[in-house]
Amino acid sequence: MNWNSLNQTRSHLRRTTTGAGAATTRLARSLGGLRLRRCDVRVTKTNCLSSLRGFSLACPNMTATTGGSVATQPAGNNNKVRAVPLNERSGGGKNNKKRKVSATAIPHKYLKQEIPVIPKEESLATPERIAASWDFFRKMGSPKYHVAPMVDQSELPFRMLCRKYGATCAYTPMLHGRLFVEGEKYREEHFTTCPEDRPLLAQFCANDPQVLLQAAKYVEKDCDGVDLNFGCPQRIAKRGNYGAFLMEDMDTAKSLVTILAKNLSIPVTCKIRVFPQDEPNGKEKTLQYAKMLQDAGCMLLAVHGRTRDQKNTKEFRANWNIIKAVKEHLDIPVLANGDIRHLNDANKCIEFTGCEGVLSADPLLKNPTLFSTEKSEFGEPDCPWQNCLILQEYLDLCETYPTPQRMIRAHVHKLLGNYFSVFPDVRQRMNNEVSTIQLYRDVAEELIGLIKEHGLEANKPEEVKATA
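Residues numbered from 1 in each chain as written. Predicted model: local features only at pLDDT ≥ 70, side-chain atom pairs only at ≥ 80, totals over all residues. Heavy atoms only, no water.

K.L.:
For this particular structure, what's the right way to read the overall build of the protein?
P.N.:
Within the protein one finds 19 helices and 13 strands. Long-range pairs, those at least 24 residues apart, make up 68% of the contacts in the protein with a sequence separation of at least 6. As presented, the protein carries roughly 23,200 Å² of accessible surface, and 48% of it is formed by carbon and sulfur atoms. (Helix = DSSP H or I, 4+ residues; strand = E, 2+ residues; numbered from the N terminus. Contact = heavy atoms within 4.5 Å. Areas by Shrake-Rupley, 256 points an atom, 1.4 Å probe, with all protein chains shown as cover.)

K.L.:
What is the right way to look at the packing of aromatic side chains in this model?
P.N.:
Each aromatic ring pair is summarised here by two numbers: the centre-to-centre distance and the angle between the ring planes. Inspection of every chain in the model, using the stated rule, returns seven aromatic pairs. On the numbers, 5.2 Å between centres and 85 degrees between planes, the contact of Phe180 with Phe204 is edge-to-face. One end of the pair, Phe180, is in helix α6 (residues 177-182); the other, Phe204, is in strand β8 (residues 200-205), and 24 residues separate them in sequence. Overall, the relative accessible area of 1% leaves Phe180 in the buried class. Judged by relative accessible area, which is 0%, Phe204 ranks as buried. Ring geometry for Trp320 and Phe352: centres 6.5 Å apart, planes at 40 degrees, overall tilted. Remark: Phe352 occurs in helix α13 (residues 343-353) and Trp320 occurs in helix α12 (residues 320-329); sequence separation between them is 32 residues. Owing to a relative accessible area of 18%, Trp320 belongs among the buried residues under this scheme. A relative accessible area of 35% places Phe352 in the partly exposed class. Among the aromatic residues, ring-to-ring pairing joins Phe180, Tyr186, Phe191, Phe204 and Tyr218 into one connected group. Positioned above the aromatic ring of Tyr218 is the side chain of Arg187, whose terminal nitrogen or guanidinium carbon lies 4.1 Å from the ring centre. (Phe/Tyr/Trp six-rings, centres within 6.5 Å; stacked < 30°, edge-to-face > 60°. Buried < 20%, exposed > 50% of the residue type's maximum accessible area, 1.4 Å probe, protein only. Lys NZ or Arg CZ within 6 Å of the ring centre and 35° of its normal.)

K.L.:
How should I be thinking about a positive patch on the surface in this particular structure?
P.N.:
A cluster of basic side chains, namely Arg235, Lys238, Arg239 and Lys311, defines a positive patch on the protein surface. With respect to the secondary-structure elements, Lys238 resides in helix α9 (residues 235-240). (Patch = residues over 30% accessible without salt bridge, like charges linked within 9 Å, V, L, I, M, F, W, Y side chains within 5 Å. Salt bridge = Lys/Arg side-chain N within 4 Å of Asp/Glu carboxyl O. Lys, Arg positive; Asp, Glu negative; His and termini not counted. Charge placed at Lys NZ, Arg CZ, Asp CG, Glu CD.)

K.L.:
What exactly am I supposed to notice about the pairing of strand β9 (residues 225-230) here?
P.N.:
Across a regular strand the side chains alternate sides, sitting on one face of the sheet and then on the other. Burial within β9 is extensive, with six of its six residues counted as buried. Here β9 shows no split at all, with Gly225, Asp227 and Asn229 on one side and Val226, Leu228 and Phe230 on the other all buried. Looking at chain direction, β8 and β9 are connected through four bridges and run parallel. Residue pairing in the sheet places Phe204 in a bridge with Leu228 of β9. With helix α8 (residues 209-219) bridging β8 and the parallel β9, this β-α-β connection has right-handed handedness. Taken together, the five bridges between β9 and strand β10 (residues 268-273) define a ladder with parallel strand orientation. (Pairing = 2+ DSSP bridges. Right-handed = clockwise from strand over helix to strand, strands pointing away.)

K.L.:
Is there a simple way to explain the pattern of salt bridges in this structure?
P.N.:
Oppositely charged side chains can pair when the atoms bearing their charge come close. Scanning the model with the defined rule gives 22 salt bridges in all. In this structure, Asp362 engages Lys414 in a salt bridge whose closest nitrogen and oxygen atoms are separated by 2.7 Å. With Asp362 in helix α14 (residues 362-366) and Lys414 in helix α16 (residues 405-422), this pair connects stretches of sequence that are 52 residues apart. Asp362 gets classed as partly exposed once you look at its relative accessible area, which sits at 30%. Residue classification places Lys414 among the partly exposed positions, given a relative accessible area of 30%. By sharing partners, the salt bridges in this structure join Asp152, Glu189 and Arg406 into a single network.

K.L.:
For this particular structure, what's the right way to read the packing of α12 against α13?
P.N.:
When two helices pack together, their arrangement is captured by the angle between the axes and the distance separating the axes. It is at 9 Å that the axes of α12 and α13 come closest, and there the two elements cross at 50 degrees. Judged by the angle between their axes, α12 and α13 are oblique. Along this stretch, α12 crosses α13, giving a crossing that reads as right-handed. Across the interface between the two elements, Trp320, Asn321, Ile323, Lys324 and Lys327 from α12 touch Asp345, Lys348, Cys349, Phe352 and Thr353 from α13. Within the contact of α12 with α13, the residues separate by chemical class into four nonpolar, two polar and four charged. (Axes fitted to C-alpha atoms, helices over the stretch in contact; angles between N-to-C directions. Parallel < 35°, antiparallel > 145°, perpendicular 65-115°, else oblique. Left-handed = near helix turned anticlockwise from the far one by under 90°. Nonpolar A, V, L, I, M, F, W, Y, C, P; charged D, E, K, R; others polar.)

K.L.:
Before we go on, may I ask you to explain unusual backbone geometry in this structure?
P.N.:
Negative phi characterises most residues that are not glycine, and trans characterises most peptide bonds. A cis amide bond links Arg198 with the next residue in sequence, Pro199, at an omega value of 0 degrees. Relative to the helices and strands, Pro199 is located in the loop between α7 (184-190) and β8. Positive phi is not limited to glycine here, since Asp152 has a value of about 60 degrees. Of note in this structure, Asp339 is not a glycine but carries a positive phi near 65 degrees. The residue Asp339 is located in the loop between β12 (334-337) and α13 in this model.

K.L.:
Whenever I open this one, the nonpolar core confuses me. Can you help?
P.N.:
Buried together is how nonpolar side chains tend to be arranged in soluble globular proteins. Formed by 111 residues in total, the largest nonpolar core has its most connected members in Phe230, Leu260, Tyr289, Leu293, Leu301, Phe371 and Leu447. The leading source of residues in this core is helix α18 (residues 437-454), at nine residues. Every residue in contact with Leu447, bar those within four places of it in the chain, is listed here: Cys388, Leu416, Tyr419, Phe420, Phe423 and Val426. If you look at the next biggest cluster of nonpolar residues, it comprises eleven residues, including Ala148, Cys169, Ala302 and Leu335. (Core = buried A, V, L, I, M, F, W, Y, C linked by side-chain atoms within 4.5 Å.)

K.L.:
What is the right way to read the side chain of Arg306 from this model?
P.N.:
For Arg306, the location among the structural elements is in the loop between β11 (301-304) and α12. If sequence neighbours within four positions are ignored, Arg306 has contacts with Arg273, Val274, Thr313, Phe316, Arg317, Ala318, Gly338 and Asp339.

K.L.:
Please clarify how the packing of helix α10 (residues 250-263) against helix α11 (residues 282-296) should be interpreted in this entry.
P.N.:
One can describe the packing of α10 onto α11 by two numbers: an axis separation of 8 Å at closest approach and a directional angle of 30 degrees. Judged by the inter-axis angle, α10 sits roughly parallel to α11. In this structure, α10 crosses over α11, and the sense of that crossing is right-handed. Residue-level inspection shows Met250, Lys254, Val257, Thr258 and Ala261 of α10 in contact with α11, the latter providing Tyr289, Met292, Leu293 and Ala296. In the contact of α10 with α11, the residues fall into seven nonpolar, one polar and one charged.

Structure (structure tokens):
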């Protein structure tokens, strides 16, 4: 390889802004057959070349690194070009570590957006309406323990399972306002309920007030309130301009609340995330946001104590302090969300924040008995195969209330995930089969037998994994 061909390769890499697979292929072609594993190459659209700095191009008499440095090698080496991992080069490790950037360090443009201030004479938060919000909450039974809205996961059978084990209120899965209006099939599949499924809040995401109102009218008579999703932080919400990304369009957020408050016969509620608290005006913006929603007509507010960038719940703890501040700032009932892993957490959060109740999402998927006062307040199972028995109960409910197989399968993986990590062959065989309720019953029974056979303890799966 000569310097001209090397420089052409480097120029080519700089122009490459596609996926890792494409970058690997083009690099191989440029170097005449160099073979790289896809997993060895990290490519970003901003700097493909720097993403490959973990490799050097080893050639006769020289090693030209993608970082730009050159080192000579003795003559007579193999003429084949090879990729040299960074850890095989001298002095290469310490200065090339990927720097970890905190989500809260990302610039927040929406902090500069003005939050609409609703004049007192236009505010819907009149003394009569504030009193009505408390009447509404008491009419629902002053519920403390809520099943949070989860896409394709807080469906009817799962809600009924959680109610059996202590949940006192539940949200539907997030319903897409436009799709709900346009498709009867979508409505029939995503919104199902029964007389025992109360109190119930139907959650919608939307960015068009008129479309949202049409969607809400479909469920008005079958739930206790309509909830607005202002908390979804996922990329799909950014593309669709809804959820937490309406924090950049407060006028639309306000309009969505107001149109429902003025045109529905049932209350409108909201679920939000907070502004970054490490920013100088983070707390103030959060309180202004919550107050605006109350003035726009919200009668119950659920606050998730994380920002929209803090998606990793294991890395970022929920901020109960800002939830407490919101509770003290508003006149309507407030619910807390975030880090409710077991009943002890739920009660501690209520006591600390002063909120009327709490929501739990992912921890409930793994332990639907979380809110039960008859179970361990720290979520410890009654027996090592408890979730296998819980799955059987869930499947019974799925037969009573027909449920799409994709939703059932998702719950199976959540409930049995710890067992699958110990017995992966069971999971593999299950995934190769057609999804049916009977299949999952058989899997649960097989796992119970394996757990007993290997002496699996509830909180020590790694010990069994070593002997399985």
